[in-house]
Amino acid sequence: GFDHNAQCLRIVTTLERRYPDFDGLNLTWETLEGLLKHNGPVCDDAGQSAGPYAGKPFPYAIARQLEIDTLDAAQNAGLEAQVAALSDDIAYDSHDIDDALRAGMLTPQQLAEVPLCNKILRKMSTDHPHIDADRIGYELVRQLITLMIEDVVAETFRRLEAGGIRSPGDVRAAKRLTCGFSTAMAAAEAELKTFLFANIYKLDAIDRPARAAGTIVADLAALYISDQGNLPEEWRKGLADASADEIARRAADYVAGMTDRFAIADHRRLFDVTPELV
């Protein structure tokens, strides 16, 4: 299976080629660690896969990286990476709501079914009883972001104090993540995600283009694996005597580096029919 986190690590350690003495980018240990573990430790103390990879083999890029440097894979990531992971959640939630409201796929009345949003909307109706419809969505998103950030800051300070954490080493060795939502906010955010999955992500208008995009990616990967002559010349180097695994890896690297527009254009060049992503 393809893993975008692992592929990110592969890009910055192997695929980028800018220096005469080594492949990859000249990144700090902490940056690589953050890329590897921003969702938590990836192995246990015995070196067995854990966290998001529990019970499964490590993705290729992660396995290769751990042969070179363990990056303390059984410990937590640093605080910066933990903040980045939560920021990702907050950004997804808030901006997907913003997009859905502006596209007419959701209404504030529907969002009032979600306790976290209901709390904001009720206060808004009290503080701004004559607010126009367009501004309701913007204010909802703004206050939602503020609520979640304030909760993360307060909870993180609480965990720092409760855990006696005084150094980056303490953060990595802690039994739980230092940066996080409070128990109440974590439950509320999970409830919001459940609502968004049911009311946005699984809608046919969203799901159909996603399936079409999957078809484009699968078609391209299969073609490049079966006939490497369709790859650009610089991507065919060294493939003459390559194993099937090496060929598949090269095809995956090439497709993973495509923008949406480039993938669609290449599919149209190589296939008779290309799915419309609308």
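## Structural notes on the overall build of the protein chain
Next, step 1: On a plain count of helices and strands, the protein chain comes out with 13 helices and zero strands.
Next, step 2: Listed by position from the N terminus, the elements making up the protein chain come as α-α-α-α-α-α-α-α-α-α-α-α-α.
Next, step 3: Residues classed as buried in the protein chain amount to 35% of the 278 residues present.
Next, step 4: Taking contacts inside the protein chain between residues at least 6 apart in sequence as the whole, the part at least 24 apart equals 62%.
Next, step 5: On the protein chain, roughly 16,400 Å² of surface is accessible, and the fraction owed to carbon and sulfur atoms is 54%.
Next, step 6: Here the protein chain contributes 29 positively and 44 negatively charged side chains, and the mean placements of these two sets differ by 2 Å.

## A few points about helix α13 (residues 260–270)
Next, step 1: If you check which residues of α13 are buried, you get Ala-263, Ile-264, Asp-266 and His-267. The arc that holds the buried residues of α13, viewed along the axis, is 165°, so those residues lie on one side. The exposed set on the far side of α13, more than 90 degrees from its buried face, consists of Arg-261 and Arg-269.
Next, step 2: Looking at the packing, one finds that the buried side of α13 touches α10 (204–226) and α12 (244–256).

## What about the pattern of salt bridges?
Next, step 1: Applying the stated criterion to the full structure yields 21 salt bridges.
Next, step 2: Residue Arg-64 pairs with Glu-67 through a salt bridge whose shortest N-O separation is 2.6 Å. Pair noted here: Arg-64 and Glu-67 are both in helix α3 (residues 60–68), with a separation of three residues, about one helical turn.
Next, step 3: On the accessibility criterion, Arg-64 (32% relative accessible area) is partly exposed.
Next, step 4: Here Asp-207 makes a salt bridge to Arg-211, at a shortest N to O gap of 2.6 Å. Of the two residues, Asp-207 and Arg-211 both sit in helix α10, four residues apart, roughly one turn of that helix.
Next, step 5: Judged by relative accessible area, which is 24%, Asp-207 ranks as partly exposed.
Next, step 6: Ionic contacts of the salt-bridge type, sharing partners, join the residues Asp-89, Asp-93, Glu-189 and Lys-193 into one network.

## Focus: the packing of aromatic side chains
Working definition: an aromatic ring pair is given by the centre-to-centre distance plus the angle between the planes.
Next, step 1: Within the structure shown, the criterion is met by five aromatic pairs.
Next, step 2: On the numbers, 6.4 Å between centres and 70° between planes, the contact of Tyr-53 with Phe-58 is edge-to-face.
Next, step 3: Look at Tyr-53 and you get buried, because its relative accessible area is 6%.
Next, step 4: Centre to centre, the rings of Phe-197 and Tyr-201 are 4.9 Å apart; their planes meet at 80°, and the pair counts as edge-to-face. Taken as a pair, Phe-197 and Tyr-201 lie in helix α9 (residues 183–201) at a separation of four residues, close to a single helical turn.
Next, step 5: Stacked on the ring of Tyr-60, the Lys or Arg Arg-64 has its end atom at 5.0 Å from the ring centre.

## A few points about the environment of Glu-16
Next, step 1: Examined against the element boundaries, Glu-16 turns out to sit in the loop between α1 (4–15) and α2 (29–37).
Next, step 2: Glu-16 sits in the partly exposed class, given a relative accessible area of 24%.
Next, step 3: Spatially, the C-alpha atoms of Glu-16 and Cys-179 are 31 Å apart, while their sequence positions differ by 163 residues.

## Structural notes on the environment of Val-255
Next, step 1: As for its placement among the helices and strands, Val-255 is situated in helix α12.
Next, step 2: Residue class for Val-255 comes out buried when judged on its relative accessible area of 13%.
Next, step 3: As for Val-255 and Val-217, which are separated by 38 residues in sequence, their C-alpha atoms are 7.1 Å apart.
Next, step 4: Those residues in contact with Val-255 that lie beyond four places of it in its chain are Val-217, Leu-220, Ala-221 and Tyr-224.

## Thoughts on a nonpolar patch on the surface
Next, step 1: A cluster of nonpolar side chains, contributed by Ile-149, Val-153 and Phe-157, occupies part of the molecular surface with about 290 Å² of accessible area.
Next, step 2: With respect to the helices and strands, the residue Val-153 is situated in helix α7 (residues 133–162).

## Side note on the nonpolar core
Next, step 1: Membership of the largest hydrophobic core comes to 27 residues, with the highest contact counts inside it found for Ile-97, Leu-106, Leu-111, Leu-140 and Leu-192.
Next, step 2: Elements represented by at least two residues in this core include exactly α4 (79–102), α6 (115–127), α7 and α9.
Next, step 3: Those residues within four positions of Ile-97 in sequence are excluded, and the remaining contacts are Leu-111, Cys-117, Leu-140, Val-141, Leu-144, Leu-192 and Leu-196.

Calculation notes
Residues numbered from 1 in each chain as written. Predicted model: local features only at pLDDT ≥ 70, side-chain atom pairs only at ≥ 80, totals over all residues. Heavy atoms only, no water. Helix = DSSP H or I, 4+ residues; strand = E, 2+ residues; numbered from the N terminus. Buried < 20%, exposed > 50% of the residue type's maximum accessible area, 1.4 Å probe, protein only. Contact = heavy atoms within 4.5 Å. Areas by Shrake-Rupley, 256 points an atom, 1.4 Å probe, with all protein chains shown as cover. Lys, Arg positive; Asp, Glu negative; His and termini not counted. Charge placed at Lys NZ, Arg CZ, Asp CG, Glu CD. Arc of directions from axis to C-beta. Salt bridge = Lys/Arg side-chain N within 4 Å of Asp/Glu carboxyl O. Phe/Tyr/Trp six-rings, centres within 6.5 Å; stacked < 30°, edge-to-face > 60°. Lys NZ or Arg CZ within 6 Å of the ring centre and 35° of its normal. Patch = residues over 30% accessible without salt bridge, like charges linked within 9 Å, V, L, I, M, F, W, Y side chains within 5 Å. Core = buried A, V, L, I, M, F, W, Y, C linked by side-chain atoms within 4.5 Å.

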